[in-house]
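Working through the structure, step by step
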Amino acid sequence: MSNVKRLFLVIAAIFSTLLMMNTAFAQQHVWQAADGVYRYGPGDGYYSMFVVTDEGVIAIEPVNIKHSQGLLKAIRSVTEKPVRYLLHSHNHWDHSKGGQVFRDQGAKIVAHVEAYEWMKANPHPDLALPDEVWAGNRKDIVLGGKTIELHYMGMSHGLGMTVFLLPKEQIAYIADIVTPHRVLFAIVPDFNIKEWTRTLIEVEKMDFQTAIYSHSHAKEPFGTKSDVTQTREFIEDLQAAIVAEFKKGTPFGKIPSTVKLLKYEHWAMYNEWLHLNVWRVMLDMHMGPFPWRPDHAYE
Ligand SMILES: [Zn+2]
Ligand SMILES: [Zn+2]
């Protein structure tokens, strides 16, 4: 065998190994929701979404540098098209770090102005400040014949909370305000319970069949609108159970250890977090809705 032929065979073997590794990676961490629409999650508890069009890729939710590097690899396992946009769902550090990975690819980083203002005031070395901000309740991004609607939900969780909707594909990307098959997040940080319930009702009215959630404890990779309804009903059931204890005269400090919601016993973190959920929702009922800010502060 000539040296040239041998070299060719070695190169071919390297390429096919790389291709196989890429395919294995994609099979483990990437789920296709529709033509050109994918969910990505490396098992770190966070899921992102990406949309492939003829003119490039739109990625939603960078999470952190490592997650973003994996997300870029996942994108590269299905297309060589350039990443044109990276979109943020809201301000929090645990969702919004890692954007530089996509900026290095030439992507434009986009966030609602409320999220941007917070990011600017609360810098983090791993957080790349967005290049483009938007205000108001709605923005559409159209790329390569695909449309993504950005819906600003107002006060709910964090700042600049945006729900993403692909109207043609009937797919939504929803961060933090719904986590299927899990009780509310720990001490329910940075949620305004009253506005959150209002937000969930608005999301229930949106037109979609499939949802990709930033966190999920469901067995299935894709959720539906019923997950939104179940979250709202959980909050309402929790409030009703607290009111029942108020009426019975149960001492305030004993209510969190008394309330049980057996209907949700099979949900993740029920034993660990239910009493924390009760504390937070009970204090909200006692003190009034918080955190709160004047409406349209950034319009
Ligand atoms: Zn958050
Ligand atoms: Zn989250």
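Attention in this report is confined to the structure presented alongside it. (Residues numbered from 1 in each chain as written. Chains lettered and ligands numbered in written order. Predicted model: local features only at pLDDT ≥ 70, side-chain atom pairs only at ≥ 80, totals over all residues.)

**Regarding the overall build of the protein chain**
Going by this rule: Secondary structure elements are taken from DSSP: a helix is a run of H or I of four residues or more, a strand is a run of E of two residues or more, and numbering for both begins at the N terminus. Our exposure labels follow a C-beta count within 10 Å of each residue's own C-beta, placed from the backbone: buried means 20 or more other C-beta atoms, exposed means 12 or fewer, and partly exposed covers the counts in between. Once C-beta atoms have been placed from the backbone, residue pairs whose C-beta atoms lie within 7 Å are recorded as contacts.
When its secondary structure is counted, the protein chain shows nine helices and twelve strands. A burial count over the protein chain gives 39% of its 299 residues as buried. Relative to all contacts within the protein chain whose residues are 6 or more apart in sequence, the contacts with residues 24 or more apart total 64%.

**A look at the environment of I148**
Residue position: I148 is located in strand 9 (residues 146-152). Judged by C-beta crowding, with 24 C-beta atoms within 10 Å, I148 ranks as buried. When the C-alpha positions of I148 and V51 are compared, they lie 9.1 Å apart, and in sequence the two are 97 residues distant. Not counting chain neighbours up to four residues away, the residues in contact with I148 comprise V51, I58, I141, F164 and L166.

**Section: unusual backbone geometry**
Trans is the prevailing form of peptide bonds, just as negative phi is the prevailing case for residues other than glycine. Of note, the bond from F290 into P291 is cis; its omega dihedral lies within 30 degrees of zero at -10°. Of note in the backbone geometry, V188 takes a positive phi value of approximately 55° without being a glycine. Inspection of the secondary structure assignment puts V188 in the loop between strand 11 (171-174) and helix 6 (193-204). Take V188: there are 21 C-beta atoms within 10 Å of it, and that puts it in the buried class. Phi is positive for M269, which is not a glycine, with a value near 65°. Given 17 C-beta atoms within a 10 Å radius, M269 is considered partly exposed.

**Comments concerning the sheet that holds strand 6 (residues 108-112)**
Whenever strands of a sheet pair, they do so through backbone hydrogen bonds, lying parallel or antiparallel. Our working rule: Pairing between strands requires that DSSP locate at least two bridges from one strand to the other. Between N-to-C directions, angles cover 0 to 180 degrees, with each direction set by a line fitted to C-alpha atoms, over the stretch in contact for helices.
Pairing in this open sheet of seven strands is mixed, and the strands run 1-2-3-4-5-6-7 from one edge to the other. One side of each edge strand has no neighbouring strand; the edge strands of this open sheet are strand 1 (30-34) and strand 7 (132-134). With direction set aside, neighbouring strand axes in the sheet form an average angle of 25°. As paired elements, strand 6 and strand 7 share three bridges and run parallel to each other. Across the sheet, V110 pairs through a bridge with E132, a residue of strand 7. Seen against the sheet, helix 5 (residues 113-121) touches strand 6 and strand 7 and runs at an angle of roughly 105° to strand 6.

**Details of helix 7 (residues 225-248)**
Keep this limit in mind: Multiplying 1.5 Å by the residue count of a helix minus one yields the expected span of that helix.
The end-to-end C-alpha distance of helix 7 is 35 Å, a good match for the 34 Å that 24 residues give at a rise of 1.5 Å each. Among all positions of helix 7, only D227, V228, T231, R232, I235, L238 and I242 are buried. Phi turns positive one or two residues past the end of helix 7, at G249, with a value near 85°.

**Points about the sheet that holds strand 10 (residues 162-166)**
The strand order across the open sheet formed by five strands is 8-9-10-11-12, and the pairing between neighbours is mixed. Whereas interior strands pair on both sides, the edge strands pair on one side only; in this sheet they are strand 8 (138-143) and strand 12 (210-213). Going from strand to strand, the sheet's axes swing by 20° on average, the running direction of each strand aside. Relative to strand 9, strand 8 runs antiparallel, the two being bridged by six bridges. If you follow V142 over to strand 9, its bridge partner there is T147.

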